[in-house]
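Chain and residue survey
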Amino acid sequence: MGEGFVMDVPKGRIYEFGEFQLHVARQSLYHKLADRWTALTPRVFDTLLFLVEHPQDLLDKPRMMTAIWPDVIVEENNLDQNISTLRHLLGERRGDQRYIVTVRRRGYRFVAPVRKLAASNLPVCDLVATGGERAAEAGDLPERPGTIGPRMKLWGIPGLTALAIVAMLTQWQDDEQPGAVIPPTQTLAVLPFRPLTATDRNESLELGMAETLIVRLNNSRLVVSPLSAVRRYGDPGQDAVAAGRALGVDAVLEGYLQRDRDRLRVSARLVKVGDGRQLWADRYDESFTNVFSVQDAIATKVWAALTPELTGEEPPFRRYTEDAEAYQLYVSGRFHRRRGSETGLRKALEFFHQAVERDPNFAPAHVGLAESYAALAVFGIAAPHSAFPQARQAVDRALELAPELGEAYASLGHIKVQYEHDWSGAELAYTRAIELNPNYAPARQWFGLYLSLSGRFGEGLEQMYYAQSLEPSSPLYPAMIGMLLTYQRRYDEAIEQLEKTLEMEPGLATARTYLAMAYLRQGEYDLAMQHLGESSSLTPGSAAYLGQIYALSGRRSDAEAEIEQLTAESQRRYVSAYDISTIYAGLGKSDETFAWLERALDERSQLIGWVPWDPVFDGIRSDPRYPEVVRRLNVEVRDD
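Note that the structure is a prediction, hence the values are computed from the model and not measured. (Residues numbered from 1 in each chain as written. Predicted model: local features only at pLDDT ≥ 70, side-chain atom pairs only at ≥ 80, totals over all residues. Heavy atoms only, no water.)

The next thing to look at is the overall build of the protein chain. Counting secondary structure elements, the protein chain contains 27 helices and 15 strands. For the protein chain, the proportion of its 640 residues judged to be buried stands at 57%. Of the contacts made within the protein chain by residues no fewer than 6 positions apart, 62% connect residues no fewer than 24 positions apart. Accessible surface, the protein chain as shown: approximately 27000 Å² in total, 49% of it carbon and sulfur. (Helix = DSSP H or I, 4+ residues; strand = E, 2+ residues; numbered from the N terminus. Buried < 20%, exposed > 50% of the residue type's maximum accessible area, 1.4 Å probe, protein only. Contact = heavy atoms within 4.5 Å. Areas by Shrake-Rupley, 256 points an atom, 1.4 Å probe, with all protein chains shown as cover.)

Dropping the structure here:
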C-alpha cells in the first residue's frame, strides 16, 4: 500500500455500509449476508477506503488519484478499472448505483450510509472470525478460492483455549492502541534486466532473471509487481525512479547483465522511489553455472534492505534445476511463449523440450510444455487429439516431480476443461492451484472460464476480476471479462468493457474479436465487420466469425462460401468442426448444425463447452437433439 491517507487510518477500524464491512487491518471486504470474506488487492483496497472515508462527498478524479497513488503519475483508466472491480465486488450491475455513483465528467460519490466501528466494539464471535486468515495459514482451507472461510464459532474451533482466545482478542484490540506497531507491507518492482552493451543482448535471460526474482521475492510482506506490469520498462534508457512512480511502488530493483560464453556479468541496485536514494548495489562476475548463486545473493540483499525487521526470515524458495543451461533454455521458452503467435509457440516448444532433455527433472519446463501444447489446440493451430494428450503427459510429469507447484495444477485444470470434460476434476485442480499459489493470475483466469462454462457466471467474473487485480497492466483479463459479459448477453456492458480494453492495447485480438461478436448480437453488422477486420491474429473460434456475420446479416451465399473455404482448408490443416457448426446455426440449417456439433464433440473442439450459452444456437434449443448435445458435454449447467 502506498504512503498516503491510508497510513493515518487506525488498523483496527471497520467501516460498515449496506451488506458489507471493510476491515482495514485485513484489507478485506466482508459480506454479512453471504458470510464471505474477499481479500482486496492494495490499490483496490485504497480506492474503497478513500470512498468510505468521504461518504456523500463528490470526489473528483484528480483528487482520488492523488490520494490513492501519492507522488505517482498514473492514467485515469487505472482509477476507472478499480471502480469497475469494486462495483462487481459490491454486487452492482449496470445502472445500479447503490454504493458508488458516477458523476459524469467529474468523479465519484459513495452514497451508502457508512458507520465506523472499532475492533474492540465488535461481538466476541466477530472478533474470533477476524482471525480467519490465521486459521487458513495454519492449514484450514478457505470456503472458496479467493475468499476466507466461513465465520468461525467459539465452540467450533477444536483446541482453541481460553488463553488463545484472549490472546487473539488482545491482538486485535491492540491494533487500536497508540503504541501498536504493524510493519507495513513493502511494494517492489523488479525491472527487466538490461544489457551491459547494446550490441550484446540476451532478451530471454534479461526477462528470465527479472521473472525469477519476482517469484522469489513476492510474498505477504513484500508485494512485487508482476512481469506483465514491468515489461514495458525494459528500455535501456529507462529511469528506475520514474518507472517506480508510474508503477506506484516503494522501491525498484534494476539491473544489467551480459552473458559472454561461460561468463555472467551482473550489476544490480535497489532504489527508494520516494527520494531516489540507493538502498543497495553490487556487481557479480561469475561463471554462468553460478547464475543461481547470483540470484540468491540479490534476493537476500533486497529482502534484508526492505524488511530489516525480518532479517534471517527470508521465505524459502525451491530451485527446480541446478543446470544453468537448462535454465537458459527454459527462460528462452518462456520468452517465446509470451508472444502468443504460432511461430512463438512452436519456438517455445523447442526450447522447453531442450530444457527437459538437459534436465528431465526440471518441473517448470514440463509445465511450459503443457501450456504450449494446450495453447496450440485452444487457438486452433493443432487438433485437440494431437496436442492435449502431450500436454497431459507433460503436466503429469511436472506434478510427479513437484506436487507443490500450483502452476502445474492450473494447467491440469485447463486440460480437464478444454479436452477431457472432467468438470469436477477441473474444479479440484483449480482449487488446489489457487491454494498453492493464490496470486497466479492464469489460474484465476482459467477457473473463471470453468465456472462460467458451468453457468456460474457471477463466480466466474469474480475470479476474472481477481486475475485483473493481480495484473492490472495486462489487457488480457479485462478482455476476458468482456467475453464473459458477451456470453451473458450483457452486450452494452461488454462493449463498454472491450472498448476500454482497446484503449490499453489497440492491437489486442481477443478484445477486437469479442467486440465484433457483441456488435453482431446487437445487429450492428458493419461495426462487427469493422472490428473483426482490425483483428491481426487468431483467437479461439475466430475462423468462423466472418461466416457468422454473413449468415446473420442475410448474406447467405457469402456464408456458404465461407463454409466451403473452411472445409477445403481442413484438407491441409486442422479446422474446428465447432466453427463450421456455428455458421450453419447462423443460417438456420439445423441438420447440418447437429451433424457438425457431433463431430465437434468427438474431436473435442475448443469452445464446444459454450453451446448452452452461445446465442448463435438459440434456434436449435427446442430441437429434441439439443439435450443430447448438452448431456455429452458432461457438465451440470445451471444459471446463477
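Note that predicted coordinates carrying low pLDDT should not be read in detail. For the protein chain, the average pLDDT comes to 82, and 84% of its residues sit at 70 or higher. Low confidence marks residues 1–7, where pLDDT is under 50. Its contacts with residues over four positions away, or in another chain, come to 23 contacts. In this model residues 120–183 is a low-confidence stretch, pLDDT under 50, and it forms 88 contacts with partners more than four residues away in sequence or in other chains. (pLDDT = per-residue confidence, 0-100.)

A few words on the pattern of salt bridges. Applying the stated rule across the entire model yields 41 salt bridges. For Arg 397, the salt bridge is made with Glu 400, and the minimal N-O distance between the two is 3.1 Å. Highlighted residues: Arg 397 and Glu 400, both in helix α14 (residues 384–401), separated by three residues, approximately one helical turn. Overall, the relative accessible area of 24% leaves Arg 397 in the partly exposed class. By relative accessible area, Glu 400 is classed as exposed at 58%. Of the charged contacts in the structure, one is a salt bridge between Lys 589 and Glu 560, with a shortest N-O distance of 3.1 Å. (Salt bridge = Lys/Arg side-chain N within 4 Å of Asp/Glu carboxyl O.)

As a further point, take the nonpolar core. Looking at soluble globular proteins, one finds that nonpolar side chains tend to be buried together. Ranked by size, the top nonpolar core spans 161 residues in total, and within it Leu 188, Leu 253, Ile 298 and Trp 610 carry the most contacts. Tallying contributions element by element places helix α13 (residues 363–378) first for this core, with eleven residues. When near neighbours in sequence (up to four residues on either side) are disregarded, Ile 298 contacts Phe 193, Leu 213, Leu 253, Val 266, Ala 268, Trp 280 and Tyr 284. In terms of nonpolar packing, the next biggest core, distinct from the first, is built from 30 residues, Phe 17, Met 65, Leu 79 and Leu 86 among them. (Core = buried A, V, L, I, M, F, W, Y, C linked by side-chain atoms within 4.5 Å.)

Okay, the side chain of Arg 194 next. Summarising the element assignment, Arg 194 is placed in strand β11 (residues 194–195). Assessed through its relative accessible area of 0%, Arg 194 is described here as buried. Of note is the side chain of Arg 194, whose polar atom sits 2.3 Å from the side chain of Glu 254. If we skip the residues at most four places from it in the chain, Arg 194 touches Glu 206, Gly 234, Asp 235, Pro 236, Gly 237, Gln 238, Glu 254, Gly 255, Tyr 256 and Leu 257. (Polar contact = N/O pair within 3.5 Å; in protein donor to acceptor, adjacent residues only side chain to side chain.)

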